[in-house]
Amino acid sequence: MQTGGEAAPGQRRNLYGRRHGKKLKPSQRRMLDTLLPQLGIPGVSPDENPGRAPLGPLFPDRRPLWLEVGFGAGEHLVHQAAAHPEVGFLGCEPFVNGVAMALVRIDAAGLANVRLHPGDARDLIELLPDGALARVFLLYPDPWPKARHHRRRFASPENLAELHRAMAPGAELRLATDIADYARHALEAVAAAPGFSVASVEDAPWPGWPGTRYEAKALAAGRRPQYLTFRRD
Ligand SMILES: C[S@@+](CC[C@H](N)C(=O)[O-])C[C@H]1O[C@@H](n2cnc3c(N)ncnc32)[C@H](O)[C@@H]1O
């Protein structure tokens, strides 16, 4: 699943990749039917909100907001939200099976500081107020290795510009990838994007890192992840 094709706010964007996988377990179906309506953010998808009316409050207080783009099965999201109850954690993921797996984890952990958008992160980011995000995670974004597909990569000039607007000064963008060409591409995109600087490029993860499902597969296949931290100036 990945992005591509620019669109004016409120227009449907192209989203490549899969939205559905194998048949959901009854417990996962139940979570989609019962917990997602409580945690979902109304008015994010362009179908539901073509005029792009501003979102209502995401949490009852003015807590710092962290965003994970493409949370997969939610291992990292749940770990961070549990470790940082003072933060409001926003997660976006268009793959329904991943959302269902994450909901099961969120329910088991009893988390009260998570809101989800089961769709394209760009639709949520564009509705966030300027400077709303204190931290953003982009963990193992789809690599789109073929040159003709590079424009689908999430670390694009357009998405960086929109993230820059939605991030607070000093906020971090953390990006993990096991694809050396993606790391290079992201470093180039950030170098060309006004208002970001490279804080670090490491081959060891951030402290307290829980790992992700995709990362486990990459490590098992012998690939070596890189962990990039960018700072919004
Ligand atoms: C390679 S997977 C990694 C999943 C997870 N971060 C992990 O490390 O296990 C990339 C994920 O990004 C999601 N994704 C792709 N484009 C997205 C977008 N525009 N907004 C939100 N998520 C997206 C995909 O559905 C997929 O689950």
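Anything mentioned here points back to the structure above.
Not measured: the values here are computed from a predicted model. (Residues numbered from 1 in each chain as written. Predicted model: local features only at pLDDT ≥ 70, side-chain atom pairs only at ≥ 80, totals over all residues.)

(A) Spotlight on the overall build of the protein. Helix and strand counts for the protein come out as eight helices and nine strands. Rg of the C-alpha trace for the protein: 17 Å, near the compact-globule value of 17 Å for 233 residues, within the 12% margin. Principal axes of the C-alpha set define a box for the protein whose edges measure 40 × 40 × 35 Å. Residues classed as buried in the protein amount to 39% of the 233 residues present. Considering only residue pairs separated by 6 or more positions, the protein has 78% of its internal contacts joining residues 24 or more positions apart. (Helix = DSSP H or I, 4+ residues; strand = E, 2+ residues; numbered from the N terminus. Rg over C-alpha atoms; globule rule 2.2 N^0.38 Å. Buried ≥ 20, exposed ≤ 12 C-beta atoms within 10 Å, placed from the backbone. Contact = placed C-beta atoms within 7 Å.)

(B) Seen up close, the nonpolar core. Ranked by size, the top nonpolar core spans 54 residues in total, and within it Val 69, Ala 102, Leu 124, Leu 133, Val 136 and Leu 138 carry the most contacts. The greatest single-element share of this core, amounting to six residues, is contributed by helix 4 (residues 96-109). Setting aside residues no more than four positions away along its own chain, Leu 124 makes contact with Ile 41, Val 44, Leu 90, Cys 92 and His 117. (Core = buried A, V, L, I, M, F, W, Y, C linked by C-beta atoms within 7 Å.)

(C) Spotlight on the sheet that holds strand 5 (residues 114-117). The sheet built from seven strands is open, its strands ordered 5-4-3-6-7-9-8 with mixed pairing. Single-partner strands in this sheet number two, and they are strand 5 and strand 8 (196-202). Ignoring strand direction, the axes of neighbouring strands in this sheet form an average angle of 15 degrees. Of the pairings in the sheet, the one linking strand 8 to strand 9 (residues 226-232) comprises six bridges and is antiparallel in character. Directly across from Ser 200, in strand 9, lies its bridge partner Thr 229. (Pairing = 2+ DSSP bridges. Axes fitted to C-alpha atoms, helices over the stretch in contact; angles between N-to-C directions.)

(D) Highlighting the environment of Asp 61. Within the secondary structure layout, Asp 61 lies in the loop between helix 2 (36-39) and strand 3 (65-69). Along the backbone, Asp 61 and Gly 88 are 27 residues apart, and their C-alpha atoms lie at a distance of 9.4 Å.

(E) A look at the pairing of strand 7 (residues 167-177). Strand direction decides the pairing type here: strand 6 (residues 133-139) and strand 7, joined by six bridges, are parallel. From the neighbouring strand, Leu 133 faces strand 7, where its bridge partner is Met 167. Handedness of the crossover joining strand 6 and strand 7 through helix 6 (residues 157-166): right-handed. As defined by bridge partners, strand 7 adjoins strand 9 across six bridges and the pair is classed as antiparallel. The partner of Arg 174 across the bridge, within strand 9, is Thr 229. (Right-handed = clockwise from strand over helix to strand, strands pointing away.)

(F) Region of interest: unusual backbone geometry. Here Arg 52, not a glycine, exhibits a phi torsion of approximately 55 degrees, which is positive. For Tyr 140, which is not glycine, the phi torsion reads 55 degrees and is therefore positive. With respect to the element layout, Tyr 140 can be found in the loop between strand 6 and helix 6.

In short, shape yes, function no, at least from these values alone.
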